[in-house]
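Structure at a glance
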Amino acid sequence: WSHWLDMPRRVGDRMGAIIGSRPGEVAVHDNTTLNIYQAVHMALGLRPDRKVLSVAADDFPSDRYVVEGIANDLGLSVRPLVPNMPLNDVAVVVRSVIDYRTAEMADVAGFTARAREAGALVVWDLSHAAGAVEFDVHALGVELAIGCSYKFLNGGPGAPAWTYVHADLQTKVNQPIQGWFAQDR
């Protein structure tokens, strides 16, 4: 067991060097859809008083579908993310760092700061950024992010995805999928 049980974190530490994270902040696991699902649920657990999710109508389809599914399952509303919209009642925003259609790069630091000031959390999708552009989650203020290894990290079809959780949040978030490894014992 010792040679593979901690492999998601060991490989995550190596992956984390690509996005500027610190050891223990990235785990390589599952796929992007499951990781978005888990990250949004973790973020919602930190904002239980808010009932609005936001994602741009033209963001990557998987991101939109997961947000819409979670909102439907939990009785939340989805507000399409548009420039300069107020975020003061939004719990979680899901946003891609790089627009998959145009290659436009979001102002990650500026948007994250604006969301934080309004009390919202942002789950950043780095699937089109990791391995393609220089990125530093700590310098940009990112708290939660997901990404894949099969695009610009050249993992190919079936390669795993990963999740970044800032060290300050790790004791505050709950794993939304309760399986064997989600238990203390």
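Residues numbered from 1 in each chain as written. Predicted model: local features only at pLDDT ≥ 70, side-chain atom pairs only at ≥ 80, totals over all residues. Heavy atoms only, no water.

This next bit is on the layout of surface pockets. Its volume calculated, the largest pocket comes out at about 920 Å³. Forming the boundary of the largest pocket are 26 residues, of which Ala27, His29, Gln38, Gln175 and Phe181 lie nearest the centre. Listed by contribution, the elements that provide at least two residues to the lining of the largest pocket are α1 (7-19), β1 (26-28), α2 (32-46) and β7 (161-165). Element by element, the count of residues in the lining of the largest pocket is highest for α2, at three residues. Here the residues of the lining of the largest pocket are counted per class, giving 14 nonpolar, nine polar and three charged. For the second largest pocket, the calculated volume is near 370 Å³. Lining the second largest pocket are 21 residues; nearest its centre among them are Ala56, Arg95, Ser96, Asp99 and Ala106. For the lining of the second largest pocket, the secondary structure elements donating two or more residues are β4 (90-96) and α4 (108-118). Looking at the lining of the second largest pocket residue by residue, the classes come out as eleven nonpolar, two polar and eight charged. (1 Å grid on protein atoms, 1.4 Å probe; cavity = no way out; pocket = protein on both sides within 12 Å on 5 of 7 lines; lining within 4 Å. Points joined across faces, edges and corners; volume = space filled by probe spheres on them. Helix = DSSP H or I, 4+ residues; strand = E, 2+ residues; numbered from the N terminus. Nonpolar A, V, L, I, M, F, W, Y, C, P; charged D, E, K, R; others polar.)

Judged by pairing direction, the sheet is mixed, and its seven strands sit side by side in the order β1-β7-β6-β5-β4-β2-β3 without closing on themselves. In this open sheet, the two edge strands, each paired with only one partner strand, are β1 and β3 (77-80). Strand-to-strand, the axes of this sheet are offset by a mean angle of 20 degrees, without reference to chain direction. Its contacts with the sheet place α2 against β2 (52-55), β4, β5 (121-125), β6 (144-148) and β7, and it is angled at close to 175 degrees to β6. Relative to the sheet, α4 contacts β4 and β5, its axis offset from that of β5 by approximately 155 degrees. (Pairing = 2+ DSSP bridges. Axes fitted to C-alpha atoms, helices over the stretch in contact; angles between N-to-C directions. Contact = heavy atoms within 4.5 Å.)

Another point: the nonpolar core. Counting residues in each nonpolar core, the largest one holds 30 residues, and the members touching the most others are Ile19, Leu87, Trp124, Leu126 and Trp162. Of all the elements, α4 adds the most residues to this core, at four residues. In this structure, Leu87 is in contact with Arg50, Leu81, Val93, Phe111, Arg114, Ala115, Ala118 and Ala120, ignoring residues within four places of it in sequence. By size, the runner-up hydrophobic cluster in this structure holds 24 residues, among which are Ala39, Leu53, Ala71 and Ala91. (Core = buried A, V, L, I, M, F, W, Y, C linked by side-chain atoms within 4.5 Å. Buried < 20%, exposed > 50% of the residue type's maximum accessible area, 1.4 Å probe, protein only.)

Close contact between α2 and helix α3 (residues 61-74) brings their axes to 10 Å; oriented N to C, the two are set at 45 degrees. The angle between α2 and α3 falls in the class oblique. For the crossing formed where α2 meets α3, the hand is right-handed. Within the contact between the two elements, α2 uses Thr33, Ile36, Tyr37, Val40, His41 and Leu44 and α3 uses Ser62, Asp63, Val66, Ile70 and Leu74. For the contact of α2 with α3, the per-class residue count stands at seven nonpolar, three polar and one charged. (Parallel < 35°, antiparallel > 145°, perpendicular 65-115°, else oblique. Left-handed = near helix turned anticlockwise from the far one by under 90°.)

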